[in-house]
Amino acid sequence: MVRIFKTATLLACLTASMAMAQQTVKIVGLVELTGTGTTSGTNFDNGIKLAVKEINAAGGILGRKIDYQAFDTQSNPGVSKGLAQKAADDGAYVVMGPVFSGSILVSMAETRRAEIPNFTGGEAAAITQQGNPYIFRTSFTQASAMPKIANYIRDNVKAKSVDVIYTNNDFGKGGRDLIMKALESRGIKVASDISTEPGQLDFSSPVLKARQSNSDAVFVYTNEEEAARLLRELRKQGYNKPVIGETVLTSQKVIELAGDSANGAVAHVGLTADAPQATVRKFDEAYQREFKSRTDHNGLKGYSGIYIVKAVTEKIGKFDPKAFAVAMRGISLSAKDHPGILLDVSFDANGDLDRESYMTRVVGGKQVVSDILPPVNKK
């Protein structure tokens, strides 16, 4: 009798567990919560968690609550690969991240093998050039952003020569190659090509090289902490020419770390919490209430990415990773119909997105939007 009772109890528990699993949908985050990518990964993760909280409070996706679990990649590509395998083994419906290009370039082979849709914050052009049908961006590719910046340098700065300072990793080298190509095709000379290392502390030598080149401006393409150190060194050495970047350079974390040295820096950004759209302002207010701080572009990428998952899943009417990946190709989503995606967005056959973007400048310790740029493919 005792054995029968125990068996019945076990079966009841298994049945309850199966029922609970059917009531949720698993989404896994592969995020840089420690290491050199901590700022980017934490903001991305927080954006995801905020979206999950809102969606679950509103009834979930197709009646299922989201079961979100974040794994720390430690900003290490090898760890990212192992965690991607774990996400597949755990039955993830969608994987979010990693943010760093070097990590996603390694880990996305595992989500592809498992046929799991994978959203990334990485900007390296190579990510979507490999024909992976399960990879999608939450940010512009470098190939889309760099021509916009080069046009700004030519048309607004009127620069004839530019120094390029970049981080020697997949992210930095990809950006460096594309900005140099974009500058040279517009008749702008690259006076100095200056490589720096991830986690570099001393930027006196790179700044000295930029000062001695006698160019008209400097283009900076590094991670957050390095960008802040570079801005402080530029100020220390009295550099007074335009400092231009892409996304990271005028981000909230860089402004906090660089202090007054960030003032005057200009950057093209795909997303910013300082954007004037009502959907973005609402997100910014909600994020600050939830986390008692402001986010950079990574928080918006994580948040909007989850709402894209919701919109596309509801469009196909089922939890089917393969059908989801097919539906993503060539899709256009309206922020009017899906406010959580923040801005109208479309995806091409490679998984690259297109939407409005911004030129920003740091003024008085704050990022200020100076111009709204239309989608690249707007007719």
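Rules behind the numbers
- Residues numbered from 1 in each chain as written.
- Predicted model: local features only at pLDDT ≥ 70, side-chain atom pairs only at ≥ 80, totals over all residues.
- Heavy atoms only, no water.
- Phe/Tyr/Trp six-rings, centres within 6.5 Å; stacked < 30°, edge-to-face > 60°.
- Helix = DSSP H or I, 4+ residues; strand = E, 2+ residues; numbered from the N terminus.
- Buried < 20%, exposed > 50% of the residue type's maximum accessible area, 1.4 Å probe, protein only.
- 1 Å grid on protein atoms, 1.4 Å probe; cavity = no way out; pocket = protein on both sides within 12 Å on 5 of 7 lines; lining within 4 Å.
- Points joined across faces, edges and corners; volume = space filled by probe spheres on them.
- Nonpolar A, V, L, I, M, F, W, Y, C, P; charged D, E, K, R; others polar.
- Pairing = 2+ DSSP bridges.
- Right-handed = clockwise from strand over helix to strand, strands pointing away.
- Contact = heavy atoms within 4.5 Å.
- Axes fitted to C-alpha atoms, helices over the stretch in contact; angles between N-to-C directions.
- pLDDT = per-residue confidence, 0-100.

Caption draft 1: Region of interest: the packing of aromatic side chains. Overall, the coordinates contain ten aromatic pairs when judged by the stated rule. With centroids separated by 5.8 Å and ring planes inclined at 50°, the aromatic side chains of Phe-283 and Tyr-287 adopt a geometry described as tilted. Here Tyr-287 and Phe-283 lie together in helix α10 (residues 278-291), a separation of four residues that amounts to about one turn. For Phe-283, a relative accessible area of 1% puts it in the buried group. Summarising the aromatic geometry, the rings of Phe-283 and Tyr-303 are spaced 4.7 Å apart at their centres and angled 55° between planes, so their arrangement reads as tilted. Pair noted here: Phe-283 is in helix α10 and Tyr-303 is in helix α11 (residues 297-316), with a separation of 20 residues, a long-range link. Accessibility assignment for this pair places Phe-283 and Tyr-303 in one class, buried. An aromatic cluster of at least three residues, connected via ring pairs, comprises Tyr-93, Phe-119, Phe-136, Phe-319 and Phe-324.

Caption draft 2: Spatial organisation of empty space enclosed by the protein. Under the defined criterion, the tally for this structure stands at three cavities of 30 Å³ or more. Looking at the largest cavity, it is lined by 14 residues, and the ones nearest its centre are Ser-40, Val-99, Phe-100, Gly-121 and Phe-171. Element by element, the count of residues in the lining of the largest cavity is highest for α11, at three residues. A class-by-class count of the residues in the lining of the largest cavity yields four nonpolar, seven polar and three charged. Its boundaries defined by the atoms lining it, the second largest cavity holds a volume of some 100 Å³. Looking at the second largest cavity, it is lined by 14 residues, and the ones nearest its centre are Ser-251, Gln-252, Thr-272, Asp-296 and Gln-367.

Caption draft 3: Looking closely at the sheet that holds strand β11 (residues 332-333). If you walk across this open sheet you meet the three strands as β11-β12-β13, and the pairing is antiparallel. Looking at which strands have only one partner, the edges of the open sheet turn out to be β11 and β13 (353-354). Relative to β13, strand β12 (residues 345-347) is paired through two bridges, and the arrangement is antiparallel. Along β13, the bridge assignment pairs Phe-347 with Leu-353.

Caption draft 4: Quick peek at unusual backbone geometry. In this structure, the amide linkage connecting Gly-97 to the following residue, Pro-98, adopts the cis form with an omega of 5°. With respect to the element layout, Pro-98 can be found in the loop between β3 (94-96) and α4 (101-113). We note that Glu-115 has phi near 60°; this positive angle belongs to a residue other than glycine. Note on placement: Glu-115 falls in the loop between α4 and β4 (118-120).

Caption draft 5: Region of interest: the pairing of strand β1 (residues 24-31). For β1, the tally of buried residues reaches six of eight residues, placing the bulk of the element in the interior. Tracing the backbone out of β1, into helix α2 (residues 38-57) and back to the parallel element strand β2 (residues 65-72) gives a crossover that is right-handed. Sheet topology note: the β1/β3 ladder contains three bridges and is parallel. Across the sheet, the residue bridging to Val-28 is Val-95, located in β3.

Caption draft 6: Inspection of the environment of Val-269 at higher detail. Among the secondary structure elements, Val-269 is positioned in strand β10 (residues 266-269). Residue Val-269 is classed as buried on the basis of its relative accessible area, which comes to 1%. Excluding its chain neighbours within four sequence positions, the residues that come into contact with Val-269 are Glu-246, Thr-247, Thr-250, Ser-357, Tyr-358, Thr-360 and Gln-367.

Caption draft 7: Highlighting the sheet that holds β2. What the five strands build is an open sheet, ordered β2-β1-β3-β4-β5; its pairing is parallel. The sheet is open, and its two borders are formed by β2 and β5 (135-137), each paired with just one other strand. For this sheet, the mean angle separating the axes of adjacent strands, direction not counted, is 25°. The sheet contact formed by β3 and β4 spans two bridges and is parallel. Across the sheet, Met-96 pairs through a bridge with Phe-119, a residue of β4.

Caption draft 8: Geometry of the confidence of the model for the protein chain. Per-chain confidence: the protein chain averages 93 in pLDDT, with 94% of residues scoring 70 or above. In the model, residues 13-21 has pLDDT below 50 throughout and makes zero contacts with residues more than four positions away in sequence or in other chains.

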